[in-house]
Amino acid sequence: MVSESRKGPAASQTLSRGIQVLEVLADAQEALTVDRIAERLGVHRSIAYRLIRTLEDHGLVTRDAAGRIELGARLAALAAGIAHDLQAAALPELTAVANELGMTCFVAVLDREECVTLVSVEPRHAIASVAQRPGSRHPFTAGAPGRAVLSQLPAEEWPEGVTKEVREVTARGYADSHGEVIENLSSVAVPLPLRGHSPAALAVVYLSSAHGPAELAERLRAAAKAVRDALGG
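Remember, predicted model here, so these are calculated numbers, not experimental data.

Rules behind the numbers
Residues numbered from 1 in each chain as written. Predicted model: local features only at pLDDT ≥ 70, side-chain atom pairs only at ≥ 80, totals over all residues. Heavy atoms only, no water. Axes fitted to C-alpha atoms, helices over the stretch in contact; angles between N-to-C directions. Helix = DSSP H or I, 4+ residues; strand = E, 2+ residues; numbered from the N terminus. Parallel < 35°, antiparallel > 145°, perpendicular 65-115°, else oblique. Left-handed = near helix turned anticlockwise from the far one by under 90°. Contact = heavy atoms within 4.5 Å. Nonpolar A, V, L, I, M, F, W, Y, C, P; charged D, E, K, R; others polar. Buried < 20%, exposed > 50% of the residue type's maximum accessible area, 1.4 Å probe, protein only. Pairing = 2+ DSSP bridges. Core = buried A, V, L, I, M, F, W, Y, C linked by side-chain atoms within 4.5 Å.

A. Molecular detail of the packing of helix 1 (residues 13-28) against helix 2 (residues 34-41). For the pair helix 1 and helix 2, the least separation of the axes is 10 Å and the interaxial angle reads 110°. Of the possible angle classes, the one that applies to helix 1 and helix 2 is roughly perpendicular. Once helix 1 is placed against helix 2, the crossing between them reads as right-handed. For the pair formed by helix 1 and helix 2, the contact residues are Arg 17, Gln 20, Val 21, Val 24, Leu 25 and Ala 28 on the first element and Ile 37, Arg 40 and Leu 41 on the second. Residue composition of the contact of helix 1 with helix 2, by class: six nonpolar, one polar and two charged.

B. Fine view of the pairing of strand 4 (residues 114-121). With respect to burial, strand 4 is a largely interior element, six of its eight residues being buried. Taken together, the seven bridges between strand 3 (residues 104-111) and strand 4 define a ladder with antiparallel strand orientation. Pairing of Val 109 across the sheet is with Val 116, part of strand 4. In textbook terms, the turn of a hairpin is the stretch between consecutive antiparallel strands, and for strand 3 and strand 4 this stretch comprises two residues, one of which, Arg 112, has a positive phi near 55°.

C. The arrangement of the nonpolar core in detail. Core analysis: the biggest nonpolar cluster contains 30 residues, and Val 107, Leu 202 and Val 204 have the highest contact counts within it. Residue assignment for this core shows that the elements contributing at least two residues are helix 5 (84-101), strand 3, strand 4, strand 7 (186-192), strand 8 (200-206) and helix 8 (213-230). It is helix 5 that contributes the most residues to this core, seven residues altogether. Residues within four places of Val 107 in sequence aside, it is in contact with Leu 86, Ala 90, Leu 94, Val 116, Thr 117, Leu 118, Val 119, Leu 192, Ala 200, Ala 201 and Leu 202. Phe 106, Ala 148, Val 149 and Leu 150 belong to the second-largest nonpolar core, a separate cluster that totals 21 residues.

Right, here's the structure in full:
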């Protein structure tokens, strides 16, 4: 069952539930039946059906051939408008890093107490690469991107339990992790501070690499500088 609100009662219960439908579908990463959505929301099927019909009318969800519900293409258009300038500036650098290193490169941004992937690029010719889908999220206390983001906040805002790790990121200029978000996957991230934007990180995620974390971080720092320069510092 999905709670009505992460932080206190919602101003509009209907709007909150509609957003929860989108979150349920995004988390599932597969098409779901109306009954399954209703179950996960903790509401009657008729309520879930009305929410889905409204979202369907706006192109935010669609039905597959079996009548199951999945996210609609309209969401991609809406997502493209999020930090459009940052996405546009980052995309060439992400592409260059991904193809040069043979690993997925992405930008993650701070969203309350989570790290959210804003834009990502997978390597063009890699035999095997890790998918890091835009919109994927994890707690900012876990993984290299989270610590790179936290390092840009005042020390008094660092969560208990990660202060030592974040202090290390601040000192050496990059974060690395292994198996913290997804088992067997490694990540290296560097801070991406930008005027007018939430704290962000530029990162790579991979299964294995001939390059050490410090070497990967050096390449990421160069890419981060190029992104900042493209946005005017």
